[in-house]
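# Structure at a glance
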Amino acid sequence: MAQVDTRHNEKDLLMALLIAKHIPEGIDVQIAQAEARMEKEDVDDVLKVFDKFKKSREV
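To start, this report covers the structure provided alongside it. Model, not experiment: these values are computed from the prediction.

Reading guide: rules and limits
Residues numbered from 1 in each chain as written. Predicted model: local features only at pLDDT ≥ 70, side-chain atom pairs only at ≥ 80, totals over all residues. Heavy atoms only, no water. 1 Å grid on protein atoms, 1.4 Å probe; cavity = no way out; pocket = protein on both sides within 12 Å on 5 of 7 lines; lining within 4 Å. Points joined across faces, edges and corners; volume = space filled by probe spheres on them. Helix = DSSP H or I, 4+ residues; strand = E, 2+ residues; numbered from the N terminus. Nonpolar A, V, L, I, M, F, W, Y, C, P; charged D, E, K, R; others polar. Salt bridge = Lys/Arg side-chain N within 4 Å of Asp/Glu carboxyl O. Buried < 20%, exposed > 50% of the residue type's maximum accessible area, 1.4 Å probe, protein only.

## Observations concerning the layout of surface pockets
Counted as a void, the largest pocket has a volume near 590 Å³. For the largest pocket, the lining is made up of 19 residues, of which L13, Q30, I31, A34 and R37 are closest to its centre. Elements that contribute at least two residues to the lining of the largest pocket include exactly α1 (2–22), α2 (27–37) and α3 (40–57). Of the residues assigned to the lining of the largest pocket, the class counts are 12 nonpolar, three polar and four charged.

Below, the structure is given as structure tokens:
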């Protein structure tokens, strides 16, 4: 069953990336859907890592 879940997750991720690339205004919906599926502490962890990444790219 885990392999099936992994395949579905990968397909969902690819679809989200394609939507984000070709319909940029849809990215906010994709982000909201991802956050809704996650635990709050996991969302917070991701946002911390992403913030660190953004700061590392600042000139």
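## Regarding the pattern of salt bridges
If you walk through the whole model with that rule in mind, you get two salt bridges. Between D44 and K40 there is a salt bridge, with its nearest N and O atoms 3.1 Å apart. Of this pair, D44 and K40 are both found in helix α3, four residues apart, which corresponds to roughly one turn of the helix. For D44, a relative accessible area of 30% puts it in the partly exposed group. In this structure, D51 and K55 form a salt bridge, with 3.3 Å as the shortest nitrogen-oxygen distance. On the criterion of helical spacing, the pair formed by D51 and K55 is a turn pair, its members being four residues apart in helix α3. For D51, a relative accessible area of 31% puts it in the partly exposed group.

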